[in-house]
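# Survey of secondary and tertiary structure
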2 protein chains.
Amino acid sequence: MNQATGAPGTARPGGRTARVREAVLRAAGDALADKGIGGVDLAEVARRAGVGKTTVYRRWGTVHGLVADMLAEMAESSLPRAATGALDGDLAALAALILKTLTDDRQGPLFKALIAAAASDPEAAAALHRFYRLRIDEWSPCVTDALARKEIPAGTDPAEVIRALSAPLYYRFLVSGDPLDPDTAKRAASATAAAARSGAYVV
Amino acid sequence: MNQATGAPGTARPGGRTARVREAVLRAAGDALADKGIGGVDLAEVARRAGVGKTTVYRRWGTVHGLVADMLAEMAESSLPRAATGALDGDLAALAALILKTLTDDRQGPLFKALIAAAASDPEAAAALHRFYRLRIDEWSPCVTDALARKEIPAGTDPAEVIRALSAPLYYRFLVSGDPLDPDTAKRAASATAAAARSGAYVV
DNA sequence: CTTCTAAAGGAACTTCAGTTCCGTTAATGT
DNA sequence: ACATTAACGGAACTGAAGTTCCTTTAGAAG
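We now turn to the structure provided with this report. (Residues numbered from 1 in each chain as written. Chains lettered and ligands numbered in written order. Predicted model: local features only at pLDDT ≥ 70, side-chain atom pairs only at ≥ 80, totals over all residues. Heavy atoms only, no water.)

## Describing the overall build of chain A
- Along the backbone of chain A there are 10 helices and zero strands.
- Start at the N end of chain A and walk to the C end: the helices and strands fall as α-α-α-α-α-α-α-α-α-α.
- With respect to the principal axes defined by its C-alpha atoms, chain A has extents near 60 × 40 × 25 Å.
- The buried share of chain A, reckoned over its 203 residues, is 47%.
- Summed over all atoms, the accessible surface of chain A reaches about 9,500 Å², with 52% contributed by carbon and sulfur.
- Mean positive and mean negative side-chain charge positions of chain A (25 and 23 charges, respectively) differ by 5 Å. (Helix = DSSP H or I, 4+ residues; strand = E, 2+ residues; numbered from the N terminus. Buried < 20%, exposed > 50% of the residue type's maximum accessible area, 1.4 Å probe, protein only. Areas by Shrake-Rupley, 256 points an atom, 1.4 Å probe, with all protein chains shown as cover. Lys, Arg positive; Asp, Glu negative; His and termini not counted. Charge placed at Lys NZ, Arg CZ, Asp CG, Glu CD.)

Below is the structure:
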């Protein structure tokens, strides 16, 4: 009596289906990290995942589909935020974490590929935006705490502060190609904190 | 007695060669803007440029090669900077200009595609970084003027200020997907000016 | 104007990403 | 445990992106 009209993997998501998904997403992540979007061959991903290529084409269809699913998976996992007791410290900790991610040998290229994928595919873009919305929400409490401590003006938008902190790192990473080092991260943190104190992020 | 070892287009860069390059870069720009990297077929570009596809494959080889050449071409053109007499005004003018570019129906998607291309190809990345290095240098005088007027602390790095201004706009454009509106541009300008005044960009 | 050859162009060919077909395996409900 | 069928997997097929080969056009130099 099953309709089987949904996408493959929806009616029987357990057991083999889940194992296949895990193996394929892992292999796709490896491929993306080292060849970038455009260098990924779904048949190769299937082979490295130990899975039939028909399966990959049927369930994900395109590299963009894989990226969207991978971002959905990544959105599930959570990242513990810092709580140093001061806005500067919390922002510095987050900046350091972003720096570490973007300069990591695997994560850096992977994020670059995911963002590049989102640039040319609406579905991947939606998944990417959702991922970052969640990440930004996870870190906003740093700013809420600072508001509670009266470090920054009432009305300051927490999400805007987190975005302002992240932006310079991503800008160098994706656009200008300037070096990403601990100094850059520290500068991003102190500049954002200064701007926040001056009321630049009050909505 | 010619060696003919250089890339095609180097020995006889004038006349037909130049016309072909112009037509191909234009067609490639159109294709990138409306299909994004990955959706570009070089045979189609050749057809739309009214040029043999062999020519496109021989001179540029790949979409990435075309992107690199396009960025080299774009780096040639110059953009007039604002001079309102105050740092806030100059930065607001630049932010508005970036906003206009990124939200433009043709330029927005084109820049997205160019940046995505740079994410997976070293040659395109080098061309992109060169392009932005030039753009940042063109706008740095805004900050130098502010330094001369003692609006901001001595030792402030002009390029860093321009990057800090650009970053939030590009971050929304490429990463978070948050709306790009005049308010965002104004906030970027005032936040950057405030951070600069506080000495956050002193090297 | 003539020569030389760099660069463009056309068409056939090759290769491989992506599809289709159909048989096999195993997840779910009773 | 059994039946049902969702989902997987192997292999042959297809089409178009990209290559090769050779001919034609036209830019640069004398």
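There's plenty left to go through after this.
## Some points on the layout of surface pockets
All names here are of chain B.
- A volume near 690 Å³ is recorded for the largest pocket.
- Every residue lining the largest pocket is counted, 30 residues in all, and those nearest its centre are Met74, Ser77, Phe111, Phe131 and Arg135.
- Secondary-structure elements contributing two or more residues to the lining of the largest pocket are helix H1 (15-35), helix H4 (63-76), helix H5 (87-103), helix H6 (107-120), helix H7 (122-148) and helix H8 (158-176).
- With six residues, H1 is the largest single contributor of residues to the lining of the largest pocket.
- A class-by-class count of the residues in the lining of the largest pocket yields 18 nonpolar, six polar and six charged.
- Computed from the structure, the second largest pocket encloses a volume of approximately 410 Å³. (1 Å grid on protein atoms, 1.4 Å probe; cavity = no way out; pocket = protein on both sides within 12 Å on 5 of 7 lines; lining within 4 Å. Points joined across faces, edges and corners; volume = space filled by probe spheres on them. Nonpolar A, V, L, I, M, F, W, Y, C, P; charged D, E, K, R; others polar.)

## A short note on the protein's contact with DNA strand D
- Taken together, 25 residues sit near DNA strand D, with Ala11, Thr54 and Thr55 of chain A together with Arg12 and Lys53 of chain B positioned nearest.
- Taking the atoms of DNA strand D that fall within 4 Å of the protein, sugar and phosphate contribute 59% of them.
- Separating a base oxygen of DNA strand D from a side-chain N or O atom of threonine 54 of chain A is a distance of 2.8 Å.
- Take arginine 59 of chain A: an N or O atom from its side chain is 2.9 Å from a phosphate oxygen of DNA strand D.
- Counting only elements with at least two residues in the surface near DNA strand D, the list comes to helix H1 (15-35) and helix H3 (53-59) of chain A together with H1 and helix H3 (53-59) of chain B.
- Tallying contributions element by element places H3 of chain A first for the surface near DNA strand D, with four residues.
- Within the surface near DNA strand D, the residues separate by chemical class into six nonpolar, 10 polar and nine charged. (Near = heavy atom within 4 Å. Polar contact = N/O pair within 3.5 Å; in protein donor to acceptor, adjacent residues only side chain to side chain.)

## Regarding the protein's contact with DNA strand C
- Neighbouring residues of DNA strand C: 27 residues in total, closest Ala11, Arg12, Gly52, Thr54 and Thr55 of chain B.
- Restricting the count to atoms of DNA strand C within 4 Å of the protein gives a sugar and phosphate share of 61%.
- Arginine 16 of chain A has a polar side-chain atom sitting 3.0 Å from a base oxygen of DNA strand C.
- Within the residue set of the surface near DNA strand C, elements represented by two or more residues are H1 and H3 of chain A together with H1 and H3 of chain B.
- Counting residues per element, the surface near DNA strand C draws most heavily on H3 of chain B, which supplies four residues.
- Looking at the surface near DNA strand C residue by residue, the class counts come to eight nonpolar, 10 polar and nine charged.

## What about empty space enclosed by the protein?
- For the structure shown, the criterion picks out four cavities of 30 Å³ or more.
- Empty space within the largest cavity amounts to approximately 250 Å³.
- As for the largest cavity, its lining consists of 23 residues, and the residues nearest its centre are Ala164 and Tyr201 of chain A together with Ala164, Pro168 and Thr192 of chain B.
- Secondary structure elements with two or more residues in the lining of the largest cavity: helix H9 (158-176) and helix H10 (182-197) of chain A together with H8 and helix H9 (182-197) of chain B.
- Broken down by element, the residue count for the lining of the largest cavity peaks at six residues, all from H9 of chain B.
- Looking at the lining of the largest cavity residue by residue, the classes come out as 14 nonpolar, three polar and six charged.
- As a volume, the second largest cavity reaches approximately 50 Å³.
- Lining the second largest cavity, in full, are Lys112, Ile115, Ala116, Ala119 and Leu174 of chain A together with Lys112, Ile115, Ala116, Ala119 and Leu174 of chain B.
- When residues of the lining of the second largest cavity are traced back to their parent elements, those giving at least two are helix H6 (107-120) of chain A together with H6 of chain B.
- Each residue belonging to the lining of the second largest cavity can be placed in one class, and the counts come to eight nonpolar, no polar and two charged.

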